Protein chains: 2
Amino acid sequence: MEKLWMKNLRKIDPYVPGEQSKNKNIVKINANENPYPPSPEVEKVLKNFSSKNLRLYPDANAFSLKKAIADYYGVEVKNVFLGNGSDDVIAVAFQALFNSDLPVVYPDLTYSFYPVWCSLFNIPYKNYPVGDDFRINVEDYKEPNGGVIIPNPNAPTSLGEGLDFVEKLMEYNSDSVVIIDEAYVDFGGVSSVPLIKKYENLLITNTFSKSRSLAGMRIGFAIGSETLISVLEAVKNSYNSYTVDSVSIEAGKASMLDDRYFKETCKKIIATRERVTAEMREMGFKVLDSCANFIFATKDDMSMKDMFEYLKTKDVYIRYFSVPRIENYVRISIGSDDEMDIFLKELKGYVKK
Amino acid sequence: MEKLWMKNLRKIDPYVPGEQSKNKNIVKINANENPYPPSPEVEKVLKNFSSKNLRLYPDANAFSLKKAIADYYGVEVKNVFLGNGSDDVIAVAFQALFNSDLPVVYPDLTYSFYPVWCSLFNIPYKNYPVGDDFRINVEDYKEPNGGVIIPNPNAPTSLGEGLDFVEKLMEYNSDSVVIIDEAYVDFGGVSSVPLIKKYENLLITNTFSKSRSLAGMRIGFAIGSETLISVLEAVKNSYNSYTVDSVSIEAGKASMLDDRYFKETCKKIIATRERVTAEMREMGFKVLDSCANFIFATKDDMSMKDMFEYLKTKDVYIRYFSVPRIENYVRISIGSDDEMDIFLKELKGYVKK
């Protein structure tokens, strides 16, 4: 029997995190994780961190990490917002910036968390279908709206847009806040950070989880005008003042300062991606031109769902989405060269059958 | 000029985190931080943690840490919820459990974040004044409401209530969810965790920031019925799936398993608190009977605000609240014996003037 107090419990369909296997020996290329460890400087931070300092609260403003990010992007500390992963950053941004009766708009094929946040915060939303080539049509984004969020590069399509696209988007949306989610930009996309000086209503979000190999550390950030950042800070400080812990602040800073390692890692992943793309095309796959650390692929004469299930039996985990329009596509994260060789070997085995 | 897009920005008065000094040589007894380092096992976790693992997302369910907490409290893993500090846990609980048109109720003198969360989530709220002795009158909590939250021990009053109080509260509130915030319970309070088996609508929250000296690591938790915990999980997974990072999971687990160190630390703080309380009473202060790691005190013939300002000039930082009814009180966190000796020396110097 439902008791009276139960009627005040929130009814919501939770986001279900991706599949994890307990088996350590799998090729795990299903969560867009980086195959390489973080900068060796991060290892030093952990080894040298004095646990005595943990008795104290972290710096609520995480100044030293903000400063490292600001310097890297050529902006001021007041232009940087930090959170517990970019999911936290975007969730705060939705609450802080999308308070309209008009719907928030985004592409139909995109990060599946956007509608979840809209539901959680009771924000109306609407999506515009991407084209048959999976490209976002900027002309769709001319209608009045309560805000725009677009990942660039987009996921799971892997396609990236240039600054001309973003400039047009800003031109059409001078009355809305526009968020560009750049989680995957470091793998060959074009960052719109330089445009924040021109557009006070533009917010760029990014994460340390992909290109900086720190998914386990939970650091996300946003860059935008002082007006936008101050509203994010007010909402964050009304929710939880200390979202980034003391170890993450130091680890994030060390990663940001080691630019050589960062660029090398990104370069290796891009090279592997290009090789895998070429080999798969050779095998008859259609592979989209990726600007991310994953590829999005199909083969017309083959069930991608069956292929996904088959690869799992070979301990190779890729990602399949049971979503209209892309039900015959798979998303494959770029692992190390060794991992991708195993993937390609098993894939060949399946295709030849 | 306000632009059109600015009208959709959230207007909110942020919570302002407490004062921090850049001077490292101060006696900082203003934030209820623990003067002792965390368990030496935490130091080992940091030294031995392989940064390579940080490339992967943490276990979204943080099973190993939940298991350590469940075992400690004699409950099941399904009765435990984890968050990025107890502020995150309580913020999720407000969103998940307080969805009523009736006001959420709590004491007038209590944790100042409660009304901030209510404002952020548009939850109506109301408070009941504590008595002149600062005790919470359980009879006030008989009226229909949208939920109850009470810290036990309460802050900043330091007063604790027994299980009889909580049982009565539950009897009067069988139609609401009741949250008991036990952030300070390990310093001599009585935990209501055993009551969760009797009351399915009772949620207990706690933190690793105070008694476990891990404020810098951001770990909070809640214990309650499977019904309540599953609603918290659904809301959390609609906000951010990975709130507790990989290092925090291991550090928290190590702390939870080192019970001997934990109990010793709590005992030392209690002993110091009793000594400081006695010495201050000797000097003519009224000091409430504390069950927490801080004391709440006044002196009728003296301005506590002036005393607070004076101590700051001596590099001793205590906490003063410019809040009606307690504008002549100060809150003093219990530091190490050495820190408290400095505090007492400076206090004597001020009182003798």
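Here's a quick rundown of the structure. Computed from a predicted structure; not experimentally measured.

Points about the relation of the copies chain B and chain A
Turning to step 1, where the next piece is worked out: With an axial shift of 0.0 Å and an RMSD of 0.0 Å, the rotation relating chain B to chain A amounts to 180 degrees. Put plainly, the chains are arranged around a two-fold axis. Among all C-alpha atoms of chain B, that of B:K47 lies closest to the rotation axis, at 2.3 Å.
Turning to step 2, where the next piece is worked out: Here 99% of the contact residues of chain B are again contact residues in chain A; the copies associate through an equivalent surface.

Considering the sheet that holds strand β2 (residues 80-83) of chain A
Residue and element names in this part refer to chain A.
Turning to step 1, where the next piece is worked out: The strand order across the open sheet formed by seven strands is β2-β8-β7-β6-β5-β3-β4, and the pairing between neighbours is mixed. In the strand order of this sheet, the two ends are held by β2 and β4 (125-128), each with one partner. Pairs of neighbouring strands in the sheet enclose a mean axial angle of 20 degrees, with direction left out of account.
Turning to step 2, where the next piece is worked out: Of the strand pairs in this sheet, β2 and strand β8 (residues 220-224) are connected by four bridges, and their pairing is antiparallel. By the bridge assignment, L82 is partnered in β8 with F221.
Turning to step 3, where the next piece is worked out: Against the sheet, helix α5 (residues 163-172) contacts β5 (147-151), β6 (178-181) and β7 (202-207), and its axis sits at roughly 160 degrees relative to β6.
Turning to step 4, where the next piece is worked out: Across the sheet, helix α6 (residues 226-236) lies against β2, β7 and β8, angled at about 30 degrees from β2, the strand it touches most.

Some thoughts on the packing of aromatic side chains
Turning to step 1, where the next piece is worked out: In the structure shown here, the tally under the stated rule is 47 aromatic pairs over all chains.
Turning to step 2, where the next piece is worked out: Pairing A:Y128 with A:Y141 gives two aromatic rings, centres 4.9 Å apart and planes at 75 degrees, and the pair type is edge-to-face. Placement of the pair is A:Y128 in strand β4 and A:Y141 in the loop between β4 and β5, with a sequence separation of 13 residues.
Turning to step 3, where the next piece is worked out: Judged by relative accessible area, A:Y128 falls into the buried class, the value being 8%.
Turning to step 4, where the next piece is worked out: Ring-pair connections join several aromatic residues into one group, and the members of that group are A:F94, A:F98, A:Y106, A:Y111, A:F113, A:Y114, A:W117 and A:Y125.
Turning to step 5, where the next piece is worked out: Between the NZ or CZ atom of A:R212 and the centre of the ring of A:Y72, over which it lies, the distance is 5.2 Å.
Turning to step 6, where the next piece is worked out: Stacked on the ring of B:F208, the Lys or Arg B:R212 has its end atom at 5.7 Å from the ring centre.

Let's talk about the interface of chain B and chain A
Turning to step 1, where the next piece is worked out: Listed per partner, the contact involves 82 residues of chain B and 81 residues of chain A.
Turning to step 2, where the next piece is worked out: Scanning the region where chain B abuts chain A turns up two salt bridges.
Turning to step 3, where the next piece is worked out: In this structure, the salt-bridge partner of A:E200 is B:K3, at a minimum N-O distance of 3.1 Å.
Turning to step 4, where the next piece is worked out: Seen at the junction of chain B and chain A, the total is 35 residue pairs in polar contact (both at pLDDT 80 or more).
Turning to step 5, where the next piece is worked out: Sorting the residues of the side of chain B that touches chain A by element identifies α1 (40-48), α3 (85-97), α4 (113-120), α6 (226-236) and α7 (246-257) of chain B as the ones contributing at least two each.
Turning to step 6, where the next piece is worked out: The leading source of residues in the side of chain B that touches chain A is α3(B), at seven residues.
Turning to step 7, where the next piece is worked out: Residue composition of the side of chain B that touches chain A, by class: 42 nonpolar, 25 polar and 15 charged.

Quick look at the pairing of strand β3 (residues 104-107) of chain B
Residues and elements named next belong to chain B.
Turning to step 1, where the next piece is worked out: Direction of pairing for β3 relative to strand β4 (residues 125-128): parallel, over a ladder of four bridges. Within β4, the residue paired with P107 across the bridge is Y128.
Turning to step 2, where the next piece is worked out: Running through α4, the crossover from β3 to the neighbouring parallel element β4 is right-handed.
Turning to step 3, where the next piece is worked out: In terms of strand pairing, β3 meets strand β5 (residues 147-151) through two bridges, oriented parallel. Across the sheet, residue V105 finds its bridge partner in β5, namely V148.

The rules behind the values
Numbers given for residues are sequential positions, taken from 1 along each chain in its written order. The naming scheme follows written order: chains are lettered A onward, ligands numbered 1 onward. Reporting of local features is limited, given that this is a predicted model, to residues whose pLDDT is at least 70; pairs of side-chain atoms are given and counted only at 80 or more, and all residues count toward the totals for whole chains, interfaces and linings. Only hydrogens and water are set aside; all other atoms, that is, all heavy atoms of the structure, feed into the side-chain values. The copies were overlaid by least squares, fitting only the C-alpha atoms of residues that reach a pLDDT of 70 or more in each copy. What makes two residues a contact is simply this: any of their non-hydrogen atoms within 4.5 Å. Whether two strands pair comes down to DSSP finding at least two bridges between them. To qualify as a helix, a DSSP run of H or I must reach at least 4 residues; to qualify as a strand, a run of E must reach at least 2; elements of each kind are numbered from the N terminus. Angular values range over 0 to 180 degrees, each being the angle between N-to-C directions of two axes fitted as lines to C-alpha atoms, with helices fitted over their stretch in contact. Ring pairs are drawn from Phe, Tyr and Trp, using the six-membered ring of Trp, whenever the two centres fall within 6.5 Å, and their geometry is named by plane angle: stacked under 30 degrees, edge-to-face over 60, tilted for the rest. Exposed residues in this analysis have more than 50% of their type's maximum accessible area, buried residues have under 20%, and partly exposed residues fall in between, with area computed by a 1.4 Å probe over protein chains only. Definition used: whenever NZ (Lys) or CZ (Arg) falls within 6 Å of the ring centre and also within 35 degrees of the ring normal, the charge is taken to sit over that ring. One speaks of a salt bridge when a side-chain nitrogen belonging to Lys or Arg is within 4 Å of a carboxyl oxygen belonging to Asp or Glu. In protein, a polar contact means a hydrogen-donor-capable atom and an acceptor-capable atom, both N or O and within 3.5 Å, with residues adjacent in sequence counting only if both atoms are side-chain atoms; elsewhere, any N or O pair within 3.5 Å suffices. In the scheme used here, Gly and all other residues not listed as nonpolar or charged are polar, with Ala, Val, Leu, Ile, Met, Phe, Trp, Tyr, Cys and Pro taken as nonpolar and Asp, Glu, Lys and Arg as charged. The definition of a right-handed crossover adopted here requires that, viewed with the strands pointing away, the path from the first strand over the helix to the second runs clockwise.

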